[in-house]
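One letter stands for each residue in the lines below.
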There are 4 protein chains.
Amino acid sequence: MQFASDNWAGAAPQIVEAVAAEAARVGAAYGGSALDEQAVARFSAVFEREVAVFFVATGSAANGLAMSAVNQTGGVIFCHEDCHMIEGECGGVEFLTGGARLMGLPGAAGKLDIDALEHAIAGLSPPSEHHGRGMAVSLTQQSEAGTVYSLEEIRQVGEIAHAHEMPLHMDGARVANALAHLNVSPAAMTWKAGVDILSFGATKNGCLAAEAVVIFDPARAADMPFLRKRAGQLFSKSRFVAAQFDAYLRDGLWLDLARHANAMADRLRAGLAGSNGAYEAWPTTGNEVFVALRRDNAERLRAAGAAFHEWTRGGAEVADDAILVRFVTAFSTTPDEVDAAIEMLR
Amino acid sequence: MQFASDNWAGAAPQIVEAVAAEAARVGAAYGGSALDEQAVARFSAVFEREVAVFFVATGSAANGLAMSAVNQTGGVIFCHEDCHMIEGECGGVEFLTGGARLMGLPGAAGKLDIDALEHAIAGLSPPSEHHGRGMAVSLTQQSEAGTVYSLEEIRQVGEIAHAHEMPLHMDGARVANALAHLNVSPAAMTWKAGVDILSFGATKNGCLAAEAVVIFDPARAADMPFLRKRAGQLFSKSRFVAAQFDAYLRDGLWLDLARHANAMADRLRAGLAGSNGAYEAWPTTGNEVFVALRRDNAERLRAAGAAFHEWTRGGAEVADDAILVRFVTAFSTTPDEVDAAIEMLR
Amino acid sequence: MQFASDNWAGAAPQIVEAVAAEAARVGAAYGGSALDEQAVARFSAVFEREVAVFFVATGSAANGLAMSAVNQTGGVIFCHEDCHMIEGECGGVEFLTGGARLMGLPGAAGKLDIDALEHAIAGLSPPSEHHGRGMAVSLTQQSEAGTVYSLEEIRQVGEIAHAHEMPLHMDGARVANALAHLNVSPAAMTWKAGVDILSFGATKNGCLAAEAVVIFDPARAADMPFLRKRAGQLFSKSRFVAAQFDAYLRDGLWLDLARHANAMADRLRAGLAGSNGAYEAWPTTGNEVFVALRRDNAERLRAAGAAFHEWTRGGAEVADDAILVRFVTAFSTTPDEVDAAIEMLR
Amino acid sequence: MQFASDNWAGAAPQIVEAVAAEAARVGAAYGGSALDEQAVARFSAVFEREVAVFFVATGSAANGLAMSAVNQTGGVIFCHEDCHMIEGECGGVEFLTGGARLMGLPGAAGKLDIDALEHAIAGLSPPSEHHGRGMAVSLTQQSEAGTVYSLEEIRQVGEIAHAHEMPLHMDGARVANALAHLNVSPAAMTWKAGVDILSFGATKNGCLAAEAVVIFDPARAADMPFLRKRAGQLFSKSRFVAAQFDAYLRDGLWLDLARHANAMADRLRAGLAGSNGAYEAWPTTGNEVFVALRRDNAERLRAAGAAFHEWTRGGAEVADDAILVRFVTAFSTTPDEVDAAIEMLR
């Protein structure tokens, strides 16, 4: 009963096999191998246009380098106040950009509030050497509250960003889960909806370590090879990241894995619904279930060996004798695990 | 006949198996798993003292974060002018430290010239807000010229560094090859000889991607978790790096792999010796052979499918009709490959 | 009728004379002259203890270097959401610290709300490589809303900071006006109340360009000479800044100048009170008057040549037909100017 | 007998008077005053084209921000190994650029050696994410050895820089002295000879504190207001720097001051020539005399109260019983001072 994080999961057999096969081969280093090229080509195929792709080590690195790629002196990034760049990267964005500022904005259920966004942007318009200038808008899909922006919601944020000549960044640490939920094409949910740059995460969804920055207009990517290398993020044996992405994007594996994780989350949600006082804080639309549990129930579950985190962000109100907990499912979560947890809480 | 770089090699079966085994398991993220602890414990065992170990993605990251860990405002790092931090990291050390300066010093066969080192240090002594201050001395073991510092040579550099209150850093991208050559203990070649901080590379010697910063005095490591995370270098599924190191350091696998690579280099050296005008630029002591080849021979070899790099650094003089080339062997180089290359050059 | 900013004022005759006198002399550069020493000694005398003082070019530099002096990897600075470091320095603090984050907190009338401060600090406690760590608390005295913290209020903030092992910084761009208002000793309002590091501004209060970082515990200042020089903030002819401070702190000139400015603000406040619908947004306690004016009145005043700024921060509510404006007085403001403005608004 | 540095001199009466006159006036802050505009217009007039000008606090800031204005990820700056950016700015260029590297090159008498420059540039061509890329060439006019590049020499360096798509920077901390020596127009010595960006120093030549970055193509200056402000280098009472430049550039005052300083240096040179074993290390062409003195003579001079620095850079060879010393003259040096020094050494 491991629901602590999809980061605690292992890796999918197809991913491991691809790496193992490549391990027996020789190939050019630093991204120069045929497999690297093939993996990049898969990204272009998946997104239905030629994209520039840069493999990096972690999601934090992807976010920080994405922001570096659109960096401006005195730049401010508009994002949700609970987003990972603010809450979980130890100032990495600020560091890797040499001082850009993250302006955390409110918004229900982990999504940017449009009025708050427009108000914040207006406060820094026009650019000034005193207050600086807006340099990017960032949203997280699926969000930190487990919710998913609709295409229309993404478009709306993108239009606001573009109206102020800012790129739209999507932190896609769980991009596959969001796609699986929306059941739309990767192109539709990204560049066709206004996304300019994407942190494409695969680690949480069955890879060993495979993260990438995807720049939809390759003309904007000229500086990225230098930015990535300078940050110590260019793998010498890049082939082994390529091998993961190659297998991950082949024949829709990534979406299959995400669909499974989402289904497990939904099974958990359904099982808990109304059960013994539990109720959802936000709608479960991907692979995360945020649910208020009675304290005694939470303790009982933990005592039985279940791993999960209490959640203190997002502003959901819970009863005095309850806590908000986050359950995260993964590609490897089994129905039995889910059912055992449900059973225990009944 | 792949002699371009040990970065072009695949990964050793034991490493791949360890990763595959771990992929089937669940474990805490961000370094919190039992396997992470076990891998760290192996480092302490190998170095015969409790050390602080930080896994990172690349050798450049290891170097940059090692320098960040000993950073000083206005700091200058004394290193060899051909070292990787200068030649191959796109300014990563300067970036990750927020502006430390690499002062490249001359030295025969890739090793720091002691007089040049002392002269350079004296030039910045005492510290001043105008010229800055020495903050570290760095040497590369095995060096970029394929040579290996003796214990006595390391000690000498360490004493100079310490006399000026600077730590000694060792860039050990090929530390296993150096150890295999010297046939001394890891402790003897590092902290017992004066090394304070080590970039421990395993990727080139049979891993997929496994690099670490080793700080011999754990009391000096307090800031490193923050430095590493901020730089986007903390793997979420850190277990898969731990799995590599765990297998790598178990039962001396790492030294076995290095010994094989070194033996292949020596076989190549011996086979080329005197052959058709070829001669060594520097003594082959690890897994690199730097040899002057007649241009026509080099072209013939390349035409036959051999991969290797011309070398323009290090100051070795070659005849007008010759070029200096670098052959790098790896854990996976076979005697047949070596013999084929030798044969072709005869 | 210049009420735009105390930055628009000229310089006091005593300051100009001191600079002119020094201009005829020769002296050591970079802070090494006798006059530099004398000016530093005046700081120690004024603050009743030996302090470390570093002259810099601007208030933004003082703030940025003050934060650099207490910098931590992954560090977060708790400050008021309307403070100058957030609103008016183009990301200078983030840049000069290499990525520290400013966390803007709410608070009425420009002062930190204690509950919000404690809540924010708790959110980052204990330090973590994921969310980072609190590194400083900063307050502005006199605040951006023209208000002044009482000694007790400063003490309260200081105690919270120290309880979490953070230093307390005071942005004293208008420190003299606050002192003149409170009528306490400089020591009482700073280190005796818990302030560890002070951005000491003199430019707004009658100098040409004289700003300083004051570190109350000189033992913490060891890195500052390097930080300042590296940032291009060490004046070669430092004597001319020293000359300003020497005259400024001599015989209480600084407090006389501030008292005059404050008296002019109070005269303006009193004259406007109730006049034609005008009312104070916050209590006038220094040299700034924040007042709601009917739009037509504001326009009439501007048409008559008065300079002042509309104010959109701080959350004061004004009537639909009114705007909030800021009037700033200076050492050079005359009663006639003030009276002319009052007359016009009647 | 003050020959330590032109930084030890006071300020010219005309400069002081201009500041004093402006001190009695009111004017817009942050560069928005009429006087700021007027001073900028003087720069354009002096350089015979519209230029972008940015006042800053120090020469180090001018150099660091000039390099920031042309910054590139992984960028390398080619400059003389004894230049001020390397020897005297505590890593400020590296810091303000976020990690650009200064590559110090040899060259006789303080001037870049053309072959060394071309060789170094070739070593980083074409750009690579591994070794980085050349981003600027910088020369110092007058150089740190007191010598002056001819127009032809500047042109030659400029052509090399431009051939590799790099801008040419001139560190003009003593630009007036060089102009006075060459007796050419400011335009001829700068943009007409290929200079793209200039650190324009006036402090050493009679100002209190007046330094500027001059960008000859204003279209390249768009980011500079942000870069300057972010670095804490935008003076609030910018008018007082403007007042200095306005007086300095009016009616050729700056060149008169420099001509005087140069004449004093030449008088000193002539007086010392052959005197008692003294001889010039490099030709005296501006306001610095580098001369080898017998140790006993140097000590005698110092004992008599003369201030000057021993010089250890530049590679000049002196006899065993001699030292190399630098005498710097200033706008305020008197013939009597010079003659007294000469007399003492006879």
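What counts as what
Residues numbered from 1 in each chain as written. Chains lettered and ligands numbered in written order. Predicted model: local features only at pLDDT ≥ 70, side-chain atom pairs only at ≥ 80, totals over all residues. Heavy atoms only, no water. Contact = heavy atoms within 4.5 Å. Buried area = accessible area lost by both parts, 1.4 Å probe. Salt bridge = Lys/Arg side-chain N within 4 Å of Asp/Glu carboxyl O. Polar contact = N/O pair within 3.5 Å; in protein donor to acceptor, adjacent residues only side chain to side chain. Helix = DSSP H or I, 4+ residues; strand = E, 2+ residues; numbered from the N terminus. Buried < 20%, exposed > 50% of the residue type's maximum accessible area, 1.4 Å probe, protein only. Arc of directions from axis to C-beta. Pairing = 2+ DSSP bridges. Axes fitted to C-alpha atoms, helices over the stretch in contact; angles between N-to-C directions. Nonpolar A, V, L, I, M, F, W, Y, C, P; charged D, E, K, R; others polar. pLDDT = per-residue confidence, 0-100. Least-squares fit on C-alpha atoms with pLDDT ≥ 70 in both.

1. Notes on the interface of chain C and chain A
In step 1: With 18 residues of chain C at the contact, the number on the chain A side is 18 residues.
In step 2: Taking both partners together, chain C and chain A bury about 1,300 Å²; carbon and sulfur atoms supply 45% of that area.
In step 3: Area buried by chain C at its contact with chain A is led by Cys90, Glu94 and Arg101 of chain C, which between them contribute 42% of it.
In step 4: Joining chain C to chain A, the criterion identifies two salt bridges.
In step 5: In this structure, Glu94 of chain C and Arg101 of chain A form a salt bridge, with 2.6 Å as the shortest nitrogen-oxygen distance.
In step 6: Remark: the boundary between chain C and chain A carries 10 residue pairs in polar contact (both at pLDDT 80 or more).
In step 7: Those elements that provide at least two residues to the side of chain C that touches chain A are α4 (84-87), α5 (92-96) and β3 (101-105) of chain C.
In step 8: Tallying contributions element by element places α4 of chain C first for the side of chain C that touches chain A, with three residues.

2. Quick notes on the pattern of salt bridges
In step 1: In total, this model carries 72 salt bridges over all chains according to the counting rule given.
In step 2: Among the charged side chains, a network of salt bridges with common partners joins Asp6, Arg174, Glu288 and Arg326 of chain A.

3. Describing helix α6 (residues 114-123) of chain D
Residues and elements named next belong to chain D.
In step 1: Every buried residue belonging to α6 is among Ile114, Ala116, Leu117, Ala120 and Ile121, and all of these are buried. All buried residues of α6 lie within an arc of 160° about the axis, which places them on one face of the element. Residues of α6 that are exposed and point over 90 degrees away from its buried face: Asp115 and His119.
In step 2: Looking at the buried positions of α6, the neighbouring elements they touch are β2 (75-80), β3 (101-105), β4 (133-140) and α7 (151-163).

4. Focus on unusual backbone geometry
In step 1: A cis amide bond links Ser125 of chain B with the next residue in sequence, Pro126 of chain B, at an omega value of -10°.
In step 2: With respect to the element layout, Pro126 of chain B can be found in the loop between α6 (114-123) and β4 (133-140).
In step 3: Of note, the amide linkage connecting Gln141 of chain C to Gln142 of chain C takes the cis form, showing an omega dihedral of -10°.
In step 4: Counting through the fold element by element, Gln142 of chain C comes out in the loop between β4 (133-140) and α7 (151-163).
In step 5: For Glu48 of chain B, which is not glycine, the phi torsion reads 60° and is therefore positive.
In step 6: Here Glu48 of chain B shows up in the loop between α2 (34-47) and β1 (52-56).
In step 7: For Glu48 of chain B, a relative accessible area of 47% gives the class partly exposed.
In step 8: Although it is not a glycine, Tyr30 of chain D sits at a positive phi angle of roughly 60°.

5. Observations concerning the sheet that holds strand β1 (residues 52-56) of chain D
Residues and elements named next belong to chain D.
In step 1: Pairing is mixed in the open sheet, where seven strands are placed in the order β1-β7-β6-β5-β4-β2-β3. Only two strands of the sheet have a single neighbouring strand rather than two, namely β1 and β3. With strand direction ignored, the average angle separating the axes of adjacent strands in the sheet is 20°.
In step 2: Where β1 and strand β7 (residues 211-215) come together, five bridges link them in antiparallel fashion. Counterpart to Phe55 in the pairing with β7 is Ala212.

6. Some remarks on the interface of chain B and chain A
Where interface size is quoted, it is often the accessible area lost as the parts come together.
In step 1: Contacts between the two partners involve 47 residues from chain B, matched on the other side by 47 residues from chain A.
In step 2: Where chain B abuts chain A, roughly 3,700 Å² becomes buried across the two surfaces, and 63% of that area is made up of carbon and sulfur atoms.
In step 3: In terms of surface lost to chain A, no three residues of chain B exceed Phe95, Arg230 and Lys237 of chain B, which account for 20% of the buried area on that side.
In step 4: Taken together, the links from chain B to chain A amount to zero salt bridges.
In step 5: For the interface between chain B and chain A, the tally reads 28 residue pairs in polar contact (both at pLDDT 80 or more).
In step 6: Taken together, the elements giving at least two residues each to the side of chain B that touches chain A come down to α1 (13-23), α3 (59-69), α5 (92-96), α10 (224-230) and α11 (239-249) of chain B.
In step 7: A total of four residues in the side of chain B that touches chain A trace back to one element, the largest contributor, which is α1 of chain B.
In step 8: Residues that form the side of chain B that touches chain A fall into these classes: 24 nonpolar, 15 polar and eight charged.

7. Considering the confidence of the model for chain A
In step 1: Model confidence for chain A is summarised by a mean pLDDT of 96, while 100% of its residues fall at 70 or above.
In step 2: Quick note on the complex model: pTM equals 0.97, ipTM equals 0.97.

8. Observations concerning the relation of the copies chain B and chain A
In step 1: Mapping chain B onto chain A is achieved by rotating through 180° and translating by 0.0 Å along the same axis, at an RMSD of 0.0 Å. One copy is carried onto the other by what is essentially a two-fold rotation axis. Considering only C-alpha atoms, the part of chain B nearest the rotation axis is Ala57 of chain B, at 3.1 Å.
In step 2: Most of the interface of chain B is mirrored in chain A, where 100% of its interface residues again form contacts.

9. Some words on the sheet that holds strand β10 (residues 309-310) of chain D
Residues and elements named next belong to chain D.
In step 1: Sheet architecture is open: four strands sit in the order β8-β9-β11-β10, paired in antiparallel fashion. Of all strands in the sheet, those bounded by a partner on one side alone are β8 (279-280) and β10.
In step 2: Direction of pairing for β8 relative to strand β9 (residues 288-294): antiparallel, over a ladder of two bridges. In the sheet register, Tyr279 faces β9, and the bridge partner there is Ala292.
In step 3: Strand contacts of helix α12 (residues 253-272): β8, β9 and β11 (322-328), with the helix running at about 25° to β9, the strand carrying the most contacts.

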